[in-house]
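# Coordinates in review
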Amino acid sequence: MVEPVLEISGLVKNFGALRATDGVTLDLRPGEIHALIGPNGAGKSTLIHQICGTLRQDAGTIRFVGRDVGALSVAERAQLGLGRTFQVSSIAPDFSALRNVMLAVQAKQGSSFRFFKPVMLDHSLIDTAMAMLERVNLGARARIPAAELSHGERRQLEIAMALALGSKAFLLDEPMAGMGPEGSKSLTRFLDTLRHEAPILLVEHDMDAVFALADRISVLVYGRVIATGTVEEIRRDPTVRTAYLGDHA
Amino acid sequence: MPMLNRENLVNLALAILLIAVPLIANGLGQPFYITLATRVAILALAATGLNLALGLGGLVSFGHAAFFGLGGYVAGILAAHNFSGEPVIFGLGGTNQMWVIWVVSILVSGIVGLAIGAISLRTSGVYFIMITLAFAQMVYYFAISWPAYGGQDGLSILVRNQFPGISTMRPLSFFFVCYVILILGIGLFALIRASRFGAALQASRQNEVRVATVGIRPFRIRLTAFVISAMLTGIAGALFADLNRFVSPSMLSWQMSGELIVLIILGGTGRLFGPLAGAALYVVFEYALGGMTERWQFFLGLILLLVVLFARGGLIGLLAGKAKHG
């Protein structure tokens, strides 16, 4: 079997008496889209925070590209190639789209302690960043301040930044949230191609997108993974149907 | 890329104005105005230092008087020891050479800035403001309670320190020294702002989470910026002591820290020539209004209120429009 890119086992996180993550074990294999679904309050966000490093787990391990990353900072995990997008897009609003991506490129090159060369004369930054923007179809909007980009464009911008990091796995937190039906469709098509770049852990509420994209689905309820399987297996699983899917399946 | 856009023209005009005033004053035999212009240049340099942390990094330091005063005390103490012939520390004597004083000022404020920054930058927002204020107050009370260097009364510099080939006692010559250092300081600010480091620093101000998510640790970036900021403000302090030929704990006071912030807000936060514009406005108000009423700071307060409410970009923002981020 191929070594998983991301491997989470026995993860536990308590907030006081509340066990928000309760022994979660899941993995992300090369080339796949692994969707994580679950009702509100199931602990999806808490899980993501632990994978990224904004929260520290109480027990369990997180392995990423063969390393135990459980004690590393957010920045260190990003340097290893954990590319992330946020439920509410997180960008530098005063910077243009291009400069946002250039920031990711300079981080990837590992050199933010250069004080004298102007970035806008640095073609190794600009050209790479432009290429990433072209890939997410934002090339024409490169010089627009990120604050003025539409909701969907900010999503694309975040993905361009994750691409610029040379991510070895993408962690996408509800990318479809707030997108119109057209936007969701085109983003779904795009994510379908993105999996060839690196595997995707997709946290999503939009079941159409999940069923269209996912190779595997894990269902999180009350901090626990109650089922993991292919789309068909999850659709048929009786516990999932009662716990979550209802009549949607 | 240096382009002749509106902001660059405004900046150029300010730079020329600052040098024209003392030249004209010198021609008219009015050395007082040369001193005013020198004061503007030095305050602008100190505020340019703070602008690096506050304007680019969003780090509202309410303790930069510590670095300003430290630079001043370095100048005063080294000059005093040079006069008395007693060693300062480890058998090293004092000096009246400005460039040595500047180097020592930069080192001392850099080291103290590293210590203060390393602790303060673990907090943010109002806590950061308060903890930087607390550190500056510690330095202030230390200076007050150290009688060897004048304590509350301060320390006089009997003869202005020397610079090779320049007679620093001539007001115009000393103005040029300060002017050149100001322009170098502004140049350094411009380089840093345009660099990779500057990009990371400005991004840390806008969105700390985003910076960490691309793999850059905001803390290191901010700490480095804080240290460079302290160094620039420190060298300005050394010049200020030489201008007044006097250094006192008032240079370390929290009013001084507040004044530096006011200069930046008046001129335009994060703008290249914002500190110079702000310092010029401030000194002109101080002189013009101060000549009319002792309560001139009341009117300064009103103006500051208007700027904060209606002209967020300060004077530079009014003249040159909104900042461009490329």
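Parameters and conventions
Residues numbered from 1 in each chain as written. Chains lettered and ligands numbered in written order. Predicted model: local features only at pLDDT ≥ 70, side-chain atom pairs only at ≥ 80, totals over all residues. Heavy atoms only, no water. UniProt positions renumbered as here; feature names shortened; annotations may be inferred. Helix = DSSP H or I, 4+ residues; strand = E, 2+ residues; numbered from the N terminus. Rg over C-alpha atoms; globule rule 2.2 N^0.38 Å. Buried < 20%, exposed > 50% of the residue type's maximum accessible area, 1.4 Å probe, protein only. Contact = heavy atoms within 4.5 Å. Areas by Shrake-Rupley, 256 points an atom, 1.4 Å probe, with all protein chains shown as cover. Domains from an automatic or database assignment. Buried area = accessible area lost by both parts, 1.4 Å probe. Salt bridge = Lys/Arg side-chain N within 4 Å of Asp/Glu carboxyl O. Polar contact = N/O pair within 3.5 Å; in protein donor to acceptor, adjacent residues only side chain to side chain. Nonpolar A, V, L, I, M, F, W, Y, C, P; charged D, E, K, R; others polar. Pairing = 2+ DSSP bridges. Core = buried A, V, L, I, M, F, W, Y, C linked by side-chain atoms within 4.5 Å. Axes fitted to C-alpha atoms, helices over the stretch in contact; angles between N-to-C directions. Parallel < 35°, antiparallel > 145°, perpendicular 65-115°, else oblique. Expected span 1.5 Å × (residues − 1).

For chain B, the name recorded in an unreviewed UniProt entry is Amino acid/amide ABC transporter membrane protein 2 (HAAT family), with Neorhizobium alkalisoli as its organism. You can read under Subcellular location (unreviewed entry) in the UniProt record for chain B the words "Cell membrane".

Chain A is annotated in an unreviewed UniProt entry as Amino acid/amide ABC transporter ATP-binding protein 1 (HAAT family) from Neorhizobium alkalisoli.

### Some details on the overall build of chain A
Looking only at helices and strands, one finds 9 helices and 10 strands in chain A. Over its C-alpha trace chain A gives a radius of gyration of 18 Å, about what one expects of a compact globule, namely 18 Å for 249 residues. Taken along the three principal axes of its C-alpha coordinates, chain A extends 60 × 40 × 40 Å. A total of 249 residues make up chain A; the buried ones form 55% of that total. The contacts of chain A with a sequence gap of at least 6 include a subset with a gap of at least 24, amounting to 64%. Total accessible area computed for chain A in this model is approximately 10,500 Å², and 53% of it derives from carbon and sulfur atoms.

### A few points about the domain arrangement of chain A
Residues and elements named next belong to chain A. Domain parsing of chain A yields domain 1 (1–81 + 167–249) and domain 2 (90–166). Between the C-alpha centres of domain 1 and domain 2 there is a distance of 26 Å. Contacts between the two partners involve 15 residues from domain 1, matched on the other side by 10 residues from domain 2. Summing the contributions of domain 1 and of domain 2, the shared interface buries around 1,000 Å²; its carbon and sulfur component is 61%. Glu 197 is paired through a salt bridge with Arg 135; the nearest N and O atoms lie 2.8 Å apart. Viewed at the interface, domain 2 and domain 1 are joined by 6 residue pairs in polar contact (both at pLDDT 80 or more). When residues in the side of domain 1 that touches domain 2 are grouped by element, the largest group, 4 residues, is from helix α6 (residues 181–194). Among the residues forming the side of domain 1 that touches domain 2, the class breakdown is 10 nonpolar, 2 polar and 3 charged.

### Observations concerning the interface of chain B and chain A
You'll often see interface size given as the accessible area lost when the parts meet. Each partner contributes to the interface: chain B provides 30 residues, whereas chain A provides 38 residues. Counting the surface chain B buries against chain A, the share from its top three residues, Arg 196, Arg 210 and Val 214 of chain B, is 28%. Linking chain B with chain A are 4 salt bridges. Across the pair Arg 196 of chain B and Asp 122 of chain A runs a salt bridge, and its minimum N-O distance is 2.7 Å.

### What to know about the pattern of salt bridges
Residues and elements named next belong to chain A. Enumeration over the complete set of coordinates arrives at 20 salt bridges over all chains. Of the charged contacts, one joins Arg 155 and Glu 158 as a salt bridge, the two residues approaching to 3.9 Å between their closest N and O atoms. Of this pair, Arg 155 and Glu 158 both sit in helix α5 (residues 151–164), separated by 3 residues, roughly a single helical turn. With a shortest N-O distance of 3.8 Å, Glu 232 and Arg 236 are connected by a salt bridge. Pair noted here: Glu 232 and Arg 236 are both in helix α8 (residues 231–236), with a separation of 4 residues, about one helical turn. For Arg 236, a relative accessible area of 56% corresponds to the exposed category.

### Re the pairing of strand β9 (residues 216–221) of chain A
In regular strands, side chains alternate between the two faces of the sheet. Residue and element names in this part refer to chain A. Where burial is concerned, most of β9 is hidden: 6 out of the 6 residues are buried. The alternating pattern of β9 places Arg 216, Ser 218 and Leu 220 and Ile 217, Val 219 and Val 221 on opposite faces, both of which are buried. Strand direction decides the pairing type here: strand β3 (residues 33–37) and β9, joined by 4 bridges, are parallel. Across the sheet, residue Leu 36 finds its bridge partner in β9, namely Ser 218. As judged from the 5 bridges shared by β9 and strand β10 (residues 224–229), these two strands associate in the antiparallel manner. Bridge assignment links Ile 217 to a residue of β10, and that residue is Gly 229. Between the end of β9 and the start of β10, which pair antiparallel, lie 2 residues, with Tyr 222 showing a positive phi angle near 50°.

### Quick word on the nonpolar core
Membership of the largest hydrophobic core comes to 141 residues, with the highest contact counts inside it found for Val 101, Leu 157 and Leu 191 of chain A. Examining the composition of this core, we find that 15 residues originate from one element, helix α2 (residues 31–56) of chain B, more than from any other. Formed jointly, this core draws a minimum of three residues from each of two domains, domain 1 (1–81 + 167–249) and domain 2 (90–166) of chain A. When sequence neighbours within four positions are dropped, the list of residues in contact with Val 101 of chain A reads Ala 129, Met 132, Leu 133, Leu 157, Ala 160, Met 161 and Ala 164 of chain A. The next biggest cluster of nonpolar side chains, apart from the first, holds 24 residues, and it includes Leu 28, Cys 52, Leu 82 and Leu 201 of chain A.

### Quick word on the sheet that holds strand β6 (residues 82–85) of chain A
By way of backbone hydrogen bonds, the strands of a sheet pair with one another, either parallel or antiparallel. Residue and element names in this part refer to chain A. Ordered by their spatial adjacency, 6 strands build an open sheet running β6-β7-β8-β3-β9-β10, and the pairing between neighbours is mixed. If you trace the sheet from one side to the other, it starts and ends with β6 and β10, each paired once. For this sheet the average axis-to-axis angle between neighbouring strands, irrespective of direction, equals 15°.

### As for unusual backbone geometry
All names here are of chain A. Here Tyr 222, not a glycine, exhibits a phi torsion of approximately 50°, which is positive. Mapped onto the elements, Tyr 222 comes out in the loop between β9 and β10. For Tyr 222, a relative accessible area of 71% corresponds to the exposed category.

### A look at the packing of α2 of chain B against helix α7 (residues 196–206) of chain B
Residue and element names in this part refer to chain B. Running from N to C, α2 and α7 point in directions that differ by 50°, and their axes come no closer than 8 Å. On the basis of the axis angle, α2 is oblique to α7. Every residue of α7 that contacts α2 at Leu 52, Gly 55 and Leu 56 is listed here: Leu 201, Gln 202 and Arg 205. Here the contact of α2 with α7 is built from residues that sort into 3 nonpolar, 2 polar and 1 charged.

### Quick look at helix α3 (residues 65–84) of chain B
Its 20 residues place the ends of α3 of chain B 28 Å apart at the C-alpha level, agreeing with the 28 Å of an ideal helix rising 1.5 Å per residue. When you tally the buried positions in α3 of chain B, you get 16 out of 20 residues, the bulk of the element.

### Some details on the side chain of Asn 161 of chain B
Residues and elements named next belong to chain B. Mapped onto the elements of the fold, Asn 161 is located in the loop between β1 (155–156) and α6 (171–194). What makes Asn 161 buried here is its relative accessible area of 0%. Separated by 3.0 Å, the side chains of Asn 161 and Asp 242 make a polar contact. What Asn 161 contacts, discounting residues up to four positions off in sequence, is Ala 75, Ala 79, Thr 95, Asn 96, Met 98, Ile 101, Thr 168 and Asp 242.

### Thoughts on the pairing of β6 of chain A
Residue and element names in this part refer to chain A. Of the two faces of β6, the one carrying Leu 82 and Arg 84 and the one carrying Gly 83 and Thr 85 are both buried. Relative to strand β7 (residues 169–173), β6 runs parallel, the two sharing 4 bridges. Paired with Gly 83 across the strands is Phe 170, a residue of β7.

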